[in-house]
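So the chains spell out like this:
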Amino acid sequence: MDSPMSVKKSSAAPSARASTVDKSILSLLTGLVGSSSSSRTAFCDAAPAPPPLPPLGGTGSSSADATIAAQAPKPEEATSSPPPPLTSTDSSSSPPPTDSIAEAAAAVSSVSNPGPYEHAALDAKRLVALDTHDGVRVDINKQLSPYMPVVHSFWLGTGMLPDGRNNTYTFLAQVADESGLMMARVDPGRGSVDGRIHRAVLGGLINLKLQVGVSAEGQGDQILGEADFGGQTWMGNLKYGSMGGGIVFGANYFQSVTSKLALGGEGMYIAANQNLLSNYTVKYTTEAKSAVDEEEGVLGLGGAGGGRGTGNSDGLSTIIGNYNSAQGMLSFNYKRVVNPDRVTLGAELQCSPASLESQVLVGAEFNLTRSKVNICVDGSGRVQSTLESKLGMAPGSPSLSFAAEVDHAKETMRFGYGLNIGG
């Protein structure tokens, strides 16, 4: 039988062996953990930094390194700074873009076509020859298509008709396109028909015109054919037909001598009374400062890019002289644009060198936003005035007009008004 001491020794031996095994297992695990941590640290560490560049100069730098360093651009030279922005002074001093077509036209000739001879004094005469009337005028315009308008015209309560009637009605129809027009006007009261045909031929080099007028009496029947042609600096016209029961033929010529001066003349032969009619025209146009330019000059707003004034403004002065040999009448017309599209002045002087009789007329035109006022006064004290006003802002809005004429020498007065619908 074993003693207690022997039992204790036998039980203590296994526990000592167990602690030895535990220590060896613990040391093995510790070694495994340490090796895995070192492997993870080596795997996760970043790549080593590159070695520093050698110095550009000094001891220890090779000749190749020095050459590369010398050829390397400096940071200021490698990156060029952007150009400075344009200031208002630079933009205003730079010349504006030029139009090559305008330069080419100016290089060919600075003298322009003067236009038809019949229109030489038309723009100046309208300022002193106002369309005053009495009674009521109503014009109704209807656009049947883009190429065909028709007009119904009524004139009621008037004493200005030559045949003694106090009212009249006319119907007008017109067809027009890019190459010409056809127009017809019918007056049922008189039993008359008037017609016009205009046509451009040869690519627009010649414009042919035909006028026809027939009436129930037959006294005013006429037919007249014309041909307009011209060049860069001149305009001509030939006409042939029948007027007043006899053959009529004539010609006119209008030539621009300079950019401001134009000369022309017209001759016509009437076979019915064997008369030879002739007249001659001189037209001179010069630039003049308008009221807008004078105001901007006082305020200091002119100059390059400084305002609307340009120095050679739209203000123009035109003088037209005409001599009619058949009547022995000499006339001068003057037109002055005071303010472009606003105020225009005109005057006319007619005199007979043989009888020394003369007449003077002065007129003015004022264009407002939606209205226009014309006034004319002659040397005998006759005063004419017209007022035309738009009744709406939309295109084709009706317009209302008033006309008045007072002749103090003859003690006559007449007043009228008109309405234009769709015009």
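Criteria and cut-off values
Residues numbered from 1 in each chain as written. Predicted model: local features only at pLDDT ≥ 70, side-chain atom pairs only at ≥ 80, totals over all residues. Heavy atoms only, no water. Helix = DSSP H or I, 4+ residues; strand = E, 2+ residues; numbered from the N terminus. Buried < 20%, exposed > 50% of the residue type's maximum accessible area, 1.4 Å probe, protein only. Contact = heavy atoms within 4.5 Å. Areas by Shrake-Rupley, 256 points an atom, 1.4 Å probe, with all protein chains shown as cover. Phe/Tyr/Trp six-rings, centres within 6.5 Å; stacked < 30°, edge-to-face > 60°. Lys NZ or Arg CZ within 6 Å of the ring centre and 35° of its normal. Pairing = 2+ DSSP bridges. Salt bridge = Lys/Arg side-chain N within 4 Å of Asp/Glu carboxyl O. Polar contact = N/O pair within 3.5 Å; in protein donor to acceptor, adjacent residues only side chain to side chain.

### Some points on the overall build of the chain
Here is step 1 of the chain: From N to C terminus, the chain includes seven helices and 19 strands.
Here is step 2 of the chain: Considering the chain as a whole, with its 423 residues, one finds that 23% of them fall into the buried category.
Here is step 3 of the chain: Residue pairs at least 24 apart in sequence account for 33% of intrachain contacts in the chain once pairs closer than 6 positions are excluded.
Here is step 4 of the chain: Of the roughly 27,700 Å² of accessible surface on the chain, 63% is carried by carbon and sulfur atoms.

### Things to note about the packing of aromatic side chains
Here is step 1 of the chain: The full count for this structure, using the stated rule, is five aromatic pairs.
Here is step 2 of the chain: On the numbers, 5.5 Å between centres and 40° between planes, the contact of phenylalanine 249 with tyrosine 269 is tilted. Of the two residues, phenylalanine 249 sits in strand 9 (residues 246-256) while tyrosine 269 sits in strand 10 (residues 261-270), which places them 20 residues apart along the sequence.
Here is step 3 of the chain: Here phenylalanine 249 falls in the partly exposed class, since its relative accessible area comes to 43%.
Here is step 4 of the chain: The class for tyrosine 269 is partly exposed, based on a relative accessible area of 27%.
Here is step 5 of the chain: Following the ring pairs from residue to residue traces out a cluster consisting of Phe229, Trp234 and Tyr253.
Here is step 6 of the chain: Its end group placed over the ring of tryptophan 155, arginine 137 keeps NZ or CZ at 4.4 Å from the ring centre.

### A few points about the pairing of strand 1 (residues 135-145)
Here is step 1 of the chain: Pairing of strand 1 with strand 19 (residues 412-421), which is carried by six bridges, proceeds in the parallel orientation. Paired with glycine 135 across the two strands is glycine 416, which belongs to strand 19.
Here is step 2 of the chain: Between strand 1 and the antiparallel strand that follows it, strand 2 (residues 148-156), lie two residues.

### So, the pattern of salt bridges
Here is step 1 of the chain: Under the defined criterion, the tally for this structure stands at 15 salt bridges.
Here is step 2 of the chain: Between arginine 165 and aspartate 163 there is a salt bridge, and its shortest N-O distance comes to 2.7 Å.
Here is step 3 of the chain: On the accessibility criterion, arginine 165 (23% relative accessible area) is partly exposed.
Here is step 4 of the chain: Relative accessible area serves as the criterion here: at 42%, aspartate 163 is assigned to the partly exposed category.

### A word on the side chain of aspartate 228
Here is step 1 of the chain: Note that aspartate 228 resides in strand 7 (residues 222-230).
Here is step 2 of the chain: Reaching out from aspartate 228, the side chain makes a polar contact with the side chain of asparagine 237 at a distance of 2.4 Å.
Here is step 3 of the chain: Aspartate 228 has contacts with Leu205, Ile206, Asn207, Lys209, Met235, Gly236 and Asn237, leaving out every residue within four places of it along the chain.

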